[in-house]
Amino acid sequence: MAGEDLTSLTFAQLERWAATEGLPAFRGRQLFRWLHGRVERDFARMTDLSRELRDRLAGKYRLHLPEIVEQRRAADGTRKLRFRLADGLEVEGVYMPEQRRRTLCVSTQVGCAMGCAFCATGSMGLVRHLAAGEIAGQVEAVRRLLAAEGLERPVSNVVFMGMGEPLHNLEATLAAVEILLHPLGGGMSRRHLTVSTAGLVPAMKKFVERVPAKLAVSLNAADDEVRSRLMPINRRYPLERLLAACRELNLKHTDRITFEYVLLGGINDGDDDARRLVKLLSGLSCKVNLIPYNPLPDSSFRRPRQQRLQRFQQILLDKNLSVFVRRSRGAELAAACGQLVTTAGGGAGRRQS
Ligand code: SAH
Ligand code: SF4
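What you see is a predicted model; the values in this text were computed from it and never measured.

1. Focus: the overall build of the protein chain
And then number 1: Of regular secondary structure, the protein chain possesses 11 helices and 12 strands.
And then number 2: By the compact-globule yardstick of 20 Å for 353 residues, the protein chain fits well, its C-alpha radius of gyration being 21 Å.
And then number 3: Oriented by its inertia axes, the alpha-carbon framework of the protein chain measures out at about 70 × 40 × 40 Å.
And then number 4: Considering only residue pairs separated by 6 or more positions, the protein chain has 64% of its internal contacts joining residues 24 or more positions apart.
And then number 5: Approximately 15800 Å² of the protein chain is accessible, and the part contributed by carbon and sulfur atoms is 48%.
And then number 6: When the 54 positive and 38 negative side-chain charges of the protein chain are each reduced to one mean point, those points stand 3 Å apart.

Below you can see the structure in the form of structure tokens.
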């Protein structure tokens with residue numbers, strides 16, 4: 001008997017689960033703390049539960065933690081991680097330690113249904129959604145690994161920017177955020193957790209209503225013609241609708257929205273593009289992350305020239321936008337943005353273009 005996936009339940013859901021087991025609510029709270037505060041997956045070691053209860057639960061439930069099956073390290077400390085899930089499928093993550101923060105980028109789906117033209121994950125199609133416990137579990141597995149290496153506060157920041165479109169897997173994403181933010185769970189600060197979306201407008205609205213984490217929107221083009229070509233989702237939620245939603249969110253939240261903009265040489269990196277972008281974002285409290293395209297094998301896209309990148313950035317700076325250029329960490333590992341793709345595991349055949 002497989003039993004319910006207890007690692008995917010939020011604090012409140014575990015309290016309710018306790019009642020269904022004929023247990024007082026505090027048993028649910030204890031279990032939540034073991035699973036997500038202490039990253040324990042063995043009932044036998046949950047010493048404040050009676051032996052009889054531990055045995056009963058162990059007979060009924062399996063507790064999974066994504067297994068780190070491969071780590072590749074770059075000279076700057078970046079690690080590309082491959083996680084194996086309970087069914088053998090795999091996702092990737094990237095760990096980026098810096099002076100003041102240690103950021104982990106996690107996946108929310110195996111593959112992605114959005115099909116963006118410049119993205120390796122997009123070329124896989126959607127294989128399946130991750131459960132909440134599998135999303136938060138990537139953070140927990142890394143916390144456990146690095147704690148064993150002697151690091152204190154091993155993960156300070158988490159970004160949902162790995163494989164998949166988090167808001168296409170909304171309920172699991174919301175539950176994972178709750179688990180990571182809960183003081184008895186991941187205990188993270190809401191300002192240190194960012195979810196990135198290709199711009200699924202209705203789900204964006206639900207997201208900000210239900211969790212206090214930060215939102216990043218992948219814009220990638222400042223006119224509908226180019227954006228629809230790069231990101232098919234733009235046909236459903238074109239720029240006007242997307243930006244209107246962002247303005248609405250802006251009114252409700254003190255946090256600035258981050259806009260990500262992948263610069264593709266000759267496609268969206270011209271002066272006109274920069275000026276259109278300025279216009280699009282006027283009046284919005286936001287910051288812009290420019291991401292020079294990370295080349296994929298066999299792709300016809302190319303990186304922008306350095307001069308172009310600087311000029312593009314300058315046009316935005318001149319209009320007082322906060323603009324950052326994202327350093328391409330992990331590029332030598334093919335671990336940079338948009339380069340995450342898995343091929344092995346579970347026997348599910350996937351294509352890697
Ligand atoms: N699906 C979500 C989150 C994962 S993609 C989203 O699209 O926002 C994370 C970021 O990587 C996005 O901003 C995306 O535009 C960017 N990206 C994808 N492929 C890339 C590539 N080849 N080079 C640089 N950035 C890329
Ligand atoms: Fe999916 Fe994001 Fe890649 Fe687009 S950029 S295919 S939404 S992972």
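2. Notes on the site of ligand 2
And then number 1: Within the structure, ligand 2 sits among Cys112, Met114, Gly115, Cys116, Cys119, Gly122, Gly164, Glu165 and Ala198.
And then number 2: Considered class by class, the residues forming the shell around ligand 2 number five nonpolar, three polar and one charged.

3. Let's talk about the environment of Gly187
And then number 1: Looking at the element boundaries, Gly187 is found in the loop between helix H5 (170-181) and strand E8 (193-197).
And then number 2: Its relative accessible area of 46% is what places Gly187 among the partly exposed residues.
And then number 3: C-alpha of Gly187 to C-alpha of Cys112: the two residues are 75 residues apart in sequence and 29 Å apart in space.

4. Digging into the packing of aromatic side chains
Each aromatic ring pair is characterised by the separation of its centres together with the angle its planes make.
And then number 1: Taken as a whole and assessed by the stated rule, the structure comprises four aromatic pairs.
And then number 2: Aromatic side chains Phe11 and Phe32 sit 5.2 Å apart centroid to centroid with 85 degrees between the ring planes, which places their arrangement in the edge-to-face category. Of this pair, Phe11 sits in helix H1 (residues 11-20) while Phe32 sits in helix H2 (residues 25-37); the two residues are 21 residues apart in sequence, bridging distant segments of the chain.
And then number 3: Overall, the relative accessible area of 0% leaves Phe32 in the buried class.
And then number 4: When the centroid spacing of 5.9 Å and the interplanar angle of 70 degrees are considered together, the rings of Tyr293 and Phe301 count as edge-to-face.
And then number 5: Residue classification places Phe301 among the buried positions, given a relative accessible area of 17%.
And then number 6: Over the ring of Trp34 we find Arg38; its NZ or CZ atom is 4.2 Å from the centre of that ring.
And then number 7: Taking the ring centre of Phe324 as reference, the NZ or CZ of Lys287 above it sits at 5.3 Å.

5. Here's the deal with the pattern of salt bridges
And then number 1: Applying the stated criterion across every chain yields a total of 27 salt bridges.
And then number 2: Across the salt bridge formed by Arg45 and Glu40, the nearest N and O atoms sit 3.3 Å from each other.
And then number 3: The structure contains a network of salt bridges with shared partners spanning Glu70, Arg72, Arg82, Arg84 and Glu90.

6. A few points about helix H6 (residues 201-210)
Think of an α-helix as turning once every 3.6 residues; residues three or four places apart then point the same way.
And then number 1: Here H6 has its buried residues at Val201, Ala203, Met204, Phe207 and Val208. All buried residues of H6 project into a common sector of 155 degrees when viewed along the axis, lining one side.

Criteria and thresholds
Residues numbered from 1 in each chain as written. Chains lettered and ligands numbered in written order. Predicted model: local features only at pLDDT ≥ 70, side-chain atom pairs only at ≥ 80, totals over all residues. Heavy atoms only, no water. Helix = DSSP H or I, 4+ residues; strand = E, 2+ residues; numbered from the N terminus. Rg over C-alpha atoms; globule rule 2.2 N^0.38 Å. Contact = heavy atoms within 4.5 Å. Areas by Shrake-Rupley, 256 points an atom, 1.4 Å probe, with all protein chains shown as cover. Lys, Arg positive; Asp, Glu negative; His and termini not counted. Charge placed at Lys NZ, Arg CZ, Asp CG, Glu CD. Near = heavy atom within 4 Å. Nonpolar A, V, L, I, M, F, W, Y, C, P; charged D, E, K, R; others polar. Buried < 20%, exposed > 50% of the residue type's maximum accessible area, 1.4 Å probe, protein only. Phe/Tyr/Trp six-rings, centres within 6.5 Å; stacked < 30°, edge-to-face > 60°. Lys NZ or Arg CZ within 6 Å of the ring centre and 35° of its normal. Salt bridge = Lys/Arg side-chain N within 4 Å of Asp/Glu carboxyl O. Arc of directions from axis to C-beta.

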